[in-house]
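Topology and contacts: notes
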Amino acid sequence: NGSSITQFLLLAFADTQELQLLHFWHFLGIYLAALLGNGFIITAIACDNRLHTPMYFFLLNLSLLDLGSISTIVPKSMVNSLWETRAISYSGCAVQVFCFLFFISAEYCLLTVIAYDRYIAICKRLHYGTLLGSRACAKMAAAAWGSGFLNAVLHTANTFSIPLCQGNAVDQFFCEIPQILKLSCSDSYLREVGLLVVSLSVALRCFVFIVLSYLQIFRAVLRVPSEQGRHKAFSTCLPHLAVISMFASTAVVAYLKPPSISSPSLDLLVTVLYSVVHPAVNPLIYSMRNKELKHAI
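Residues numbered from 1 in each chain as written. Predicted model: local features only at pLDDT ≥ 70, side-chain atom pairs only at ≥ 80, totals over all residues. Heavy atoms only, no water.

For the chain, an unreviewed UniProt entry supplies the name Olfactory receptor and the organism Eudyptes filholi. Taken verbatim from the UniProt record of the chain, the Sequence similarities (unreviewed entry) comment is "Belongs to the G-protein coupled receptor 1 family." Looking at the chain in UniProt, the text filed under Function (unreviewed entry) is "Odorant receptor." (UniProt positions renumbered as here; feature names shortened; annotations may be inferred.)

1. Some thoughts on the state of the cysteines
Tallying each qualifying case throughout the model produces 1 disulfide. One disulfide bridge connects cysteine 93 with cysteine 175, the sulfur atoms lying 2.0 Å from each other. Measuring handedness by torsion sign, the sulfur bridge of cysteine 93 and cysteine 175 sits at about -125° and is left-handed. Highlighted residues: cysteine 93 in helix α3 (residues 90-123) and cysteine 175 in the loop between α5 (134-159) and α6 (177-181), separated in sequence by 82 residues. Not engaged in a disulfide, the cysteine cysteine 47 finds its nearest cysteine sulfur in cysteine 137; these two sulfurs lie 19 Å apart. Note on cysteine 47: relative accessible area 62%, which makes it exposed. Of all cysteine sulfurs in the structure, the one in cysteine 109 sits closest to cysteine 206, which takes part in no disulfide; the separation is 5.3 Å. (Disulfide = S-S within 2.5 Å. Helix = DSSP H or I, 4+ residues; strand = E, 2+ residues; numbered from the N terminus. Buried < 20%, exposed > 50% of the residue type's maximum accessible area, 1.4 Å probe, protein only.)

2. Overview of unusual backbone geometry
In this model, glutamate 84 sits at a positive phi of 55°, which is unusual for a non-glycine residue. Within the secondary structure, glutamate 84 sits in the loop between α2 (54-83) and β2 (87-89).

3. So, the environment of isoleucine 122
Examined against the element boundaries, isoleucine 122 turns out to sit in helix α3. With relative accessibility at 14%, the residue isoleucine 122 sits in the buried group. Sequence-wise, isoleucine 122 and glutamine 216 are 94 residues apart; in three dimensions their C-alpha atoms are separated by 9.2 Å. Discounting chain neighbours no more than four positions away, the residues touching isoleucine 122 are Ile217, Ala220, Val221, Ala233, Thr236 and Cys237. (Contact = heavy atoms within 4.5 Å.)

4. Considering the pattern of salt bridges
Summed over the entire model, instances satisfying the criterion amount to 2 salt bridges. For the salt bridge of arginine 118 with aspartate 117, the shortest nitrogen-to-oxygen distance reads 2.9 Å. Assessed through its relative accessible area of 0%, aspartate 117 is described here as buried. (Salt bridge = Lys/Arg side-chain N within 4 Å of Asp/Glu carboxyl O.)

5. Details of α3
Taking 1.5 Å as the rise per residue, α3 with 34 residues should run 50 Å; its terminal C-alpha atoms sit 50 Å apart, in good agreement. α3 sits mainly inside the fold: 26 of its 34 residues count as buried. (Expected span 1.5 Å × (residues − 1).)

6. Considerations on the packing of helix α8 (residues 227-256) against helix α9 (residues 264-288)
At a closest axis distance of 10 Å, the pairing of α8 and α9 adopts a crossing angle of 175°. When the interaxial angle is binned, α8 and α9 end up roughly antiparallel. Along the contact surface, α8 presents Pro239, His240, Ala242, Val243, Met246, Phe247, Thr250, Val253, Ala254 and Tyr255, while α9 presents Val270, Leu273, Tyr274, Val277, His278, Asn282, Ile285 and Tyr286. Here the residues of the contact of α8 with α9 sort into 14 nonpolar, 4 polar and no charged. (Axes fitted to C-alpha atoms, helices over the stretch in contact; angles between N-to-C directions. Parallel < 35°, antiparallel > 145°, perpendicular 65-115°, else oblique. Nonpolar A, V, L, I, M, F, W, Y, C, P; charged D, E, K, R; others polar.)

Right, dumping it as structure tokens:
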């Protein structure tokens, strides 16, 4: 049935050309900030031998995922604003859904891995080199990327196999599964809803793992006798906690908020925060209190 729809119409940020151009310049600034910030981190970690440790290896992967996620949606939105169009092809929409899901899912898995890395570094310091050797780190990073790929394949294939009979106007500035499901025929979306429930249960388990890891970390840090040692341990965890909090809170509001508080402007704001602002802000968060990374950059 997808062959009957050749393109989708994305949500426009404004009706006038002046406001569309304003949106273009705003997104261009955020996109350039994301490219520069993540690019600096990737280059610094790759070129500085002192940063060839598990923590920075995972941070390099996180920056790659941030670059991928923001590059999936922002350039197309900028082009549409510049040319005053809303169209995206059917295949382009499917690719956008797949790529965004792939990068976002892999990033969430990688944030879980980073929580494990911090737990081992603080609670099992003497076993850090054994438990997190180069081979183990490569396997965990590959598992995060592979999990994201599998999740993206399942959801994309399932979503675009559903008959669509409610038009082709997507109520978002990029192709997003909940908005595409609104275009489906009655009851035909239940299979995808079931798959979303399974994915949410896996995401909840990852979140519980992160919370339990940090409970153990805080207990271990509070037992450190010196104030300087406690400060150093907390400073290595704060950037990760900030990223997790921002990512989780905006995603929960975007997908799990009750319909009674839902509004188009709120939906758009929250989506921009977790899909556009989040990848651009991450490099700033990770480098703000990190002297080693600042020096390398």
